[in-house]
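Chain residues, written in single-letter form:
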Amino acid sequence: MRPRSIVIAGVGGQGLLTMGSLLGEALLRQGYKVSVGEVHGLSQRGGSVVVFVRYAEYQPSPVVAPGEGDLLVGLELIEAARRLPLLSRSGLAVVNDFLLPPPAAQRVPSREELVASIGKAVRSVFIEALPLAEKAGSPVAVNMVMLGALAACRSVDVSLESLKSVVSARFRGAVGAINLRALELGYEEALKKLGEEAQG
Amino acid sequence: MAGGSISGEAGTRRLLLGNEAIARGAVEAGISAATAYPGTPSTEIVEALAEVAEEYGFYVEWSTNEKVALEVAIGVSMMGLRALTAMKHVGLNVASDPLMSLGYTGVVGGLVIVTADDPNAHSSQNEQDNRIYGMHAYIPVFEPSGVQEAKDMARELFDLSEKYSTAVLLRTTTRLSHSRGEVVFGEVSRPSREARFHRDPERWALLPPYNLRKHRETLERIERLRGDLSSWRFNWFAEGDGDTLVVSAGAAHMYVAEALETLGVKPPLLKVSSVYPFPRGLAEKALEFERIVVVEELEPVVEHQLRVAASEAGKTPKIFGKELFPRVGELNAQLVASGLARALGVKYEPPQGPPAGVELPPRPPTLCPGCGHRAAYYAVKLAAMRARSNPVWANDIGCYTLGFYPPFRMADFTWSMGSALGIGMGISRFSKEPVVAFIGDSTFFHAGVPGLINAVYNRYPIVVVVMDNEVTAMTGHQPHPGSGFGPLGEPRPRVSIEGLAKACGVEFVEVVPAYDVWRARDATERAIRYVREKGLPAVVVARQRCALVELREKRRRGEKVTVYRVVEEKCIGCGVCVDRFACPAIVREGRVVKILPELCAGCGVCATICPAKAIVPAGESA
Ligand SMILES: Cc1ncc(C[n+]2csc(CCOP(=O)(O)OP(=O)(O)O)c2C)c(N)n1
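Quick notes on the rules
- Residue numbering note: each chain is counted from 1, following its sequence as written.
- As they are written, the chains are lettered A onward and the ligands numbered 1 onward, keeping that order.
- With the structure being a predicted model, the display of local features is reserved for residues of pLDDT at least 70 and the display and counting of side-chain atom pairs for 80 or more, all residues being used for whole-chain, interface and lining totals.
- Side-chain numbers here rest on the full set of heavy atoms in the structure, without hydrogens or water.
- Helix and strand definitions follow DSSP, with helices as H or I runs of at least four residues and strands as E runs of at least two, each counted in order from the N terminus.
- We compute the radius of gyration over the C-alpha atoms and compare it with the globule rule, which gives 2.2 Å times the number of residues raised to the power 0.38.
- Relative accessibility under 20% of the residue-type maximum defines a buried residue, over 50% an exposed one, and the middle range a partly exposed one, all with a 1.4 Å probe and only protein chains included.
- In this analysis, two residues are considered to be in contact whenever any of their non-hydrogen atoms come within 4.5 Å of each other.
- Method for areas: the Shrake-Rupley scheme with a 1.4 Å probe, in which residue coverage is limited to the protein chains shown.
- Where each domain begins and ends is defined by an automated method or by a domain database.
- Nearness of a residue to a molecule or strand requires only that one of the residue's heavy atoms be within 4 Å of it.
- Each polar contact in these results corresponds to two N or O atoms within 3.5 Å; when the atoms are within protein, one needs to be able to donate a hydrogen and the other to accept it, and residues that are neighboring in sequence are counted only if both atoms are side-chain atoms.
- Side-chain classes are defined by residue name, with Ala, Val, Leu, Ile, Met, Phe, Trp, Tyr, Cys and Pro counting as nonpolar, Asp, Glu, Lys and Arg as charged, and the others, Gly among them, as polar.
- Paired rings are identified among Phe, Tyr and Trp, the last through its six-membered ring, by centres lying within 6.5 Å, and are further divided according to the angle between planes into stacked (under 30 degrees), edge-to-face (over 60) and tilted (the rest).
- Two thresholds decide whether a charge sits over a ring: the Lys NZ or Arg CZ must be within 6 Å of the ring centre and within 35 degrees of the ring normal.
- Throughout, the arc means that of the directions going from the helix axis to the C-beta atoms.
- Throughout, the accessible surface (probe 1.4 Å) given up by two parts as they are put together, summed over both, is called the buried area.
- Any carboxyl oxygen of Asp or Glu within 4 Å of a side-chain nitrogen of Lys or Arg constitutes a salt bridge here.
- At least two bridges found by DSSP between two strands is the condition for calling them paired.
- For each structure, a 1 Å grid was placed over the protein atoms alone; sets of points admitting a 1.4 Å probe that cannot get out are labelled cavities, open sets with protein on both sides within 12 Å along at least five of seven lines are labelled pockets, and lining residues have an atom within 4 Å of a point.
- Grid points are joined across faces, edges and corners, and a volume is the space filled by probe spheres set on the points.

K.L.:
What is the right way to look at the overall build of chain A in this model?
P.N.:
Counting its secondary structure elements, chain A contains 7 helices and 6 strands. Helices and strands appear in chain A in the N-to-C order β-α-β-β-β-α-β-α-β-α-α-α-α. The globule rule puts the C-alpha radius of gyration for 200 residues at 16 Å, and the 16 Å found for chain A is close to it. The principal-axis extents of the C-alpha atoms in chain A amount to approximately 45 × 45 × 40 Å. Taken across its 200 residues, chain A has 60% of its residues classed as buried. Within chain A, contacts between residues separated by at least 24 positions form 65% of all contacts whose residues are at least 6 apart in sequence. If you sum the accessible surface of chain A, you get close to 7400 Å²; carbon and sulfur atoms cover 53% of it.

Right, dumping it as structure tokens:
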């Protein structure tokens, strides 16, 4: 088995590191060898951030090189587009339909342009994560919605069950309940979208 | 996780960062002390140790700078106890003076110096390769090739350090420090030894003629290690097909292992983790081959040692290294596969990803909403205008370095910790325009004070603005001597920045709240005029606790943040708040602007500077 690669792209502060380590633990529970490549330091201050999660039957290296990614999870449209070259041409992009222009940026592509160019480059599904997170109980749970969505993608082997068990081990009480709900909502939404995509 | 990420019984399995793994190894080795000055990518080592310091009973400190951190660790070792100190690669430059002497003296208690290098300069001013420091200082260098190995090696290096009476360098890199992998915990040992000062002036006082004798002994020690390390368990040789040997050094082994799987080849492989001195027995083994490919990140450290060994043995193998693998930037499995494919004569086409398809705006990191640095920059810029000056903006390292970016553009240079003052002085001696030097609070304690003393003593006309947010923010809010608390959050004395400045002999010292832009502006304007007239240094301390820390504490206390809003009818669309102040919580919406409540930190500075008085606390009418 060649190593499988998940790329998580977004803006510093969106909870990408949490997603990476939860995914890593879930894959460990499923019996794989796992590497999670994180970014610490200054770029966490609202900069462009990318986290790599890789797994295989042997210990994979922590870096995803261009063209290698099986799945791109984008928490923001510009950042998802920025990391497209890391994805394999047969890879899948699951993207939060949310545009956050960098402060003081001169030219910013529109939401429609970004959706179109991501859609043209690779197979992709777009998810409106914020309303789902709010429905689960907190706008902060966008990262959990996207994590749930990822579990619905067959191009990688993350199961919703293992994600739920690591999330409930990590978060207790009300926060835990919100996060579990967000995971489920994201999962269901992605299943629906992937179904529509397969038909359409 | 109760007790922190590295607390647990032997046999516990956990997904740890490379840095946490190193910390766990130190705990298992029974350290008595850990010291550090923070710096990416090294910071999480001592952060993880601080979390379990009480549980396992050792001492942890955030030191003023890396030189002090290393010196404290040396003192602990002279008491016969084990110590770890950790720093980023450029931190070792600051600690290099005691390091060079440490090579001569050696140690009593095991002493591990972790150097976290940053190939690709993800968060640093350069990508220096600190393995070379080991050669320079006669201190052996060890480099793990995975997270589990980082834990195991860190533990064992304390034994090795004591066995050979030498400090050791444990070299990690960003990709290892900040990647997670599974780690199985081992037993925590508590060496039952008494703290005792090992008095031995002939050894510890490096005076002639003892220092020359030490130099000789040190060379002998390195030669002994060169012999003994051939059988060290983290170095190994694996038989394979063909006559080309692949040598993988340290962290590069992560990529080599994967690249060989990808290429589907199995050449003979020599994995080396003792990168200096390169073991004699392994060099002999390597030189049995006619063709040798060395894979390592950055400088050709192992490659050159092998070339020397070949030359000494009178052999002429073909050695490939840096002509196949880049010397600039970091490696990945694809780059390594490409280089290996060429050396091994197999086919390899690296995959290509789809292009982004649209032109994307860059997204550099930004000062957070509510950051006092933004208010201070805004105020200082106004002050410079009012003083009819066009200052040279000397800047330093920290979150405030982001003043480099538009709209502020207030960093004409940033160099190394404290250099805003030093280099700024050199410029100010000959500049007609004033020099305004920005320096963070943590940086001021680290390396700013000697510069300030120089400014007083040698009479420099320089305005020093201390950007005081009361913590070391950039690396994750570690405390420093001005914070008033220690690594476990416990109360500590506060060293006063303004008190220090006055004690150094600076006559013009003013402290202003950074959010009060008018006061900050006026104080800075006075400082610029004072410096011009008197030709002497002036210090302005712009103080506002880091907004992230402030928000976190408010949340903990259950306090609500009063966010601000724009009164649309009053907004004249002038753009001062978006274009000149550039708070990420403020965005344009058509003709007017809007404040995003989920980002607003409630600092209210935008309300102060709004010329139309169109910004008010949400919930209040205008
Ligand atoms: C010699 C050295 N040690 C450590 C670092 C890492 N580092 C960069 S800036 C900084 C301190 C920043 O703190 P402060 O000066 O208080 O500024 P802030 O980030 O809080 O604005 C550190 C630790 C470095 N670049 N060089």
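K.L.:
Please clarify how the domain arrangement of chain B should be interpreted in this entry.
P.N.:
Interface size, as often reported, equals the accessible area lost upon joining of the parts. Domain annotation of chain B identifies domain 1 (13-230), domain 2 (235-344), domain 3 (372-554) and domain 4 (560-617). Inter-centroid distance (C-alpha atoms) of domain 2 of chain B to domain 4 of chain B is 58 Å.

K.L.:
What should I look at first to understand the site of the ligand in this one?
P.N.:
Residues and elements named next belong to chain B. In the vicinity of the ligand lie 26 residues, with Glu66, His373, Cys399, Asp441 and Thr443 positioned nearest. With respect to the ligand, the side chain of histidine 373 contributes an N or O atom lying 2.7 Å from an oxygen atom. At a separation of 3.0 Å, an oxygen atom of the ligand approaches a polar backbone atom of methionine 474. Here the ligand, which alone exposes 590 Å², has 98% of that area covered by the protein. Top contributing element to the shell around the ligand by residue count: helix H17 (residues 441-457), with 4 residues. By residue class, the composition of the shell around the ligand is 11 nonpolar, 12 polar and 3 charged. Taken domain by domain, the makeup of the shell around the ligand includes at least three residues from each of domain 1 (13-230) and domain 3 (372-554).

K.L.:
Got a minute to help me understand the packing of aromatic side chains in this structure?
P.N.:
The description of an aromatic ring pair rests on the distance of the ring centres and on the angle between the ring planes. Residues and elements named next belong to chain B. All chains considered together, the criterion is met by 12 aromatic pairs over all chains. Three or more aromatic residues joined by ring pairs form one cluster here, namely Tyr377, Trp393, Phe408 and Phe438. A cation over a ring is seen here: lysine 318 above phenylalanine 320, with NZ or CZ 5.0 Å from the ring centre. Between arginine 374 and the ring centre of phenylalanine 581, over which it is positioned, the NZ or CZ distance is 5.7 Å.

K.L.:
How should I be thinking about helix H6 (residues 160-170) of chain A in this particular structure?
P.N.:
Within an α-helix, residues lying three or four positions from one another point in the same direction, as the helix has 3.6 residues per turn. All names here are of chain A. For H6, every residue scored as buried is listed here: Leu160, Ser162, Leu163, Val166 and Val167. Across the axial projection of H6, the buried residues extend over an arc of 165 degrees, all falling on one side. Next to the buried residues of H6 lie helix H1 (16-29), helix H5 (142-151) and helix H7 (173-199).

K.L.:
What's the story with the interface of chain A and chain B in this structure? I'm lost.
P.N.:
Of the residues lining the interface, 53 residues belong to chain A; the matching set on chain B comes to 42 residues. Both sides of the chain A and chain B interface together cover about 4000 Å² of buried area, and 61% of this is carbon and sulfur. Put simply, chain A and chain B have 4 salt bridges between them. A salt bridge links B:Arg180 to A:Glu38; the nearest nitrogen and oxygen atoms lie 2.5 Å apart. At the junction of chain A with chain B, the criterion picks out 15 residue pairs in polar contact (both at pLDDT 80 or more). For the side of chain A that touches chain B, the secondary-structure elements that each account for two or more residues are H1, strand S2 (33-37), strand S3 (48-56), helix H2 (77-82), strand S5 (87-96) and helix H3 (111-121) of chain A. Its residues placed into classes, the side of chain A that touches chain B shows 28 nonpolar, 14 polar and 11 charged. Where S2(A) and strand S8 (residues 179-184) of chain B come together, 2 bridges link them in antiparallel fashion. If you follow A:Gly37 over to S8(B), its bridge partner there is B:Ser179.

K.L.:
Where do I start with empty space enclosed by the protein in this structure?
P.N.:
All names here are of chain B. Tallied over the full model, the rule gives 4 cavities of 30 Å³ or more. If you add up the space inside the largest cavity, you get close to 120 Å³. Surrounding the largest cavity, 16 residues form its lining, Cys368, Cys371, Cys399, Ala473 and Cys546 being those nearest its centre. Those elements that place two or more of their residues in the lining of the largest cavity are helix H15 (372-386) and helix H20 (547-557). Of the residues assigned to the lining of the largest cavity, the class counts are 9 nonpolar, 6 polar and 1 charged.

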